[in-house]
Amino acid sequence: MIIPKTKEEIELMRESALVVSRTLGMIAAELKPGVKLSYLDELAESFIRDEEKALPGFKGLYDCPSTLLISANDQVVHGLPTNYEIREGDILSIDCGAIKNEYYGDHAYTFTIGEIKPEIAKLLKVTKESLYKGIREFKSGNRVGDIGFAIQNYCESFGYGVVRELVGHGLGKKMHEDPEVPNYGKRGRGKKFIEGMTIAIEPMINMGTHRVKQLKDGWTIVTEDGRPSAHFEHNVALVDGKPELLSTFAYIYKELGIDSDEEKEFRQIDLVL
């Protein structure tokens, strides 16, 4: 059952989402060769608890052992923050959740470490573009399949594989609410969007095959062919019939010196950093 939120609840969810946004921005400043993933996880937990006065959203959920899920290179999602040391040329999907005001925030960004191959940079660019193509379909009159179709159609036009086994989802007082939001589908199919819906849209796109497998740790999902994968995620509410971004990559961009207005069309309320 879809649980619509009031405008007051959506603002509480925006606060939760921005806890994650600021955490990812803080982590962005720490990413360099030689840094251990476990160190990033410790930083994130301390920041969420001490600086944001919130709770890690992942730790303990479904027995998750960590605050961050960090997936490197051919890892798609759910990578555990081990003692792996970051290397030049890595790409890292960093997924983070937080609980504040009883509501969850949950989003992700794929970072680059130093110089990466042009074909991998293109994968990341297309995947992030597909996220916004999906967000544009989250509007009154549309259905879940419209988001999936937009993402799938765009990414497959570049020859990329769209992961089937893992999907976006409703978000609220639970990390995973109805509906599931696949990154593939057919226009006009699936549950209809209603005012006040809050969802996480998160394309997971592989350079090669869409097929994935799980490692023996019971968490990490990797591409079946060992080729790279990218993952970007935003939290979005349906407000006045249009998508309203609750999360932001602006804190990441501030740390990395990136100038972008990609989120502007999805904000009825100006973001103050």
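Along each chain, residue indices are assigned from 1 in the same order as the chain's sequence is written. Confidence filtering applies because this is a predicted model: local features only for residues at pLDDT of at least 70, side-chain atom pairs given and counted only at 80 or more, and all residues used for totals across whole chains, interfaces and linings. No hydrogens and no water enter the side-chain calculation; it runs on all heavy atoms of the structure.

Caption draft 1: Looking closely at the sheet that holds strand E10 (residues 204-206). Ordered in space as E6-E10-E13, the three strands form an open sheet in which the pairing is antiparallel. For this open sheet the edge positions go to strand E6 (161-162) and strand E13 (229-231), each flanked by a neighbour on one side alone. Two strands qualify as a pair provided that DSSP identifies no fewer than 2 bridges between them. Under the scheme used here, helices are H or I runs from DSSP no shorter than 4 residues and strands are E runs no shorter than 2 residues, and both carry numbers assigned from the N terminus. Alignment of E6 against E10, held across two bridges, turns out to be antiparallel. Residue glycine 161 lies in a different strand from E10, and its bridge partner there is asparagine 206. Strands E10 and E13 of the sheet are contacted by helix H3 (residues 118-136), whose axis makes an angle of about 35° with E13. We call two residues in contact when some of their heavy atoms are within 4.5 Å. Every axis corresponds to a line fitted to the C-alpha atoms, with the helix fit spanning only the stretch in contact, and the corresponding angles, defined between N-to-C directions, vary from 0 to 180 degrees.

Caption draft 2: Layout of the layout of surface pockets. Every definition here rests on a 1 Å grid over the protein atoms only: cavities are sets of points where a 1.4 Å probe fits but cannot get out, pockets are open sets enclosed by protein on both sides within 12 Å along at least five of seven lines, and lining residues have some atom within 4 Å of a point. Grid points are joined across faces, edges and corners, and a volume is the space filled by probe spheres set on the points. Its boundaries defined by the atoms lining it, the largest pocket holds a volume of some 350 Å³. Residue lining of the largest pocket: 20 residues in total, with His78, Asp95, His169, His176 and Glu202 positioned closest to the centre. Each residue is assigned to one class: nonpolar for Ala, Val, Leu, Ile, Met, Phe, Trp, Tyr, Cys and Pro, charged for Asp, Glu, Lys and Arg, and polar for all the others, Gly among them. For the lining of the largest pocket, the class distribution of residues is 11 nonpolar, four polar and five charged. Within this model, the second largest pocket holds a volume of roughly 290 Å³. Lining the second largest pocket we find 17 residues, and of these Tyr109, Thr110, Thr112, Lys128 and Ile258 sit closest to its centre.

Caption draft 3: Here's a closer look at the nonpolar core. What is meant by a nonpolar core is a set of buried Ala, Val, Leu, Ile, Met, Phe, Trp, Tyr and Cys residues, joined one to another through side-chain atoms within 4.5 Å. Accessibility here uses a 1.4 Å probe with only protein chains present; expressed as a share of the type maximum, an area under 20% marks a residue as buried, one over 50% as exposed, and anything in between as partly exposed. Residues Leu31, Leu40, Leu92 and Ile94 are the most contacted members of the largest nonpolar core, which totals 59 residues. Top element by residues in this core is H3. It accounts for seven residues. If you look at the next biggest cluster of nonpolar residues, it comprises 16 residues, including Phe58, Tyr103, Val239 and Leu246.

Caption draft 4: The pairing of strand E15 (residues 242-245), seen in detail. The pairing of strand E14 (residues 234-239) with E15 spans four bridges and is classified as antiparallel. If you follow valine 236 over to E15, its bridge partner there is leucine 245. Following E14, the chain reverses through two residues before pairing antiparallel with E15; aspartate 240 in that reversal takes a positive phi of roughly 55°.

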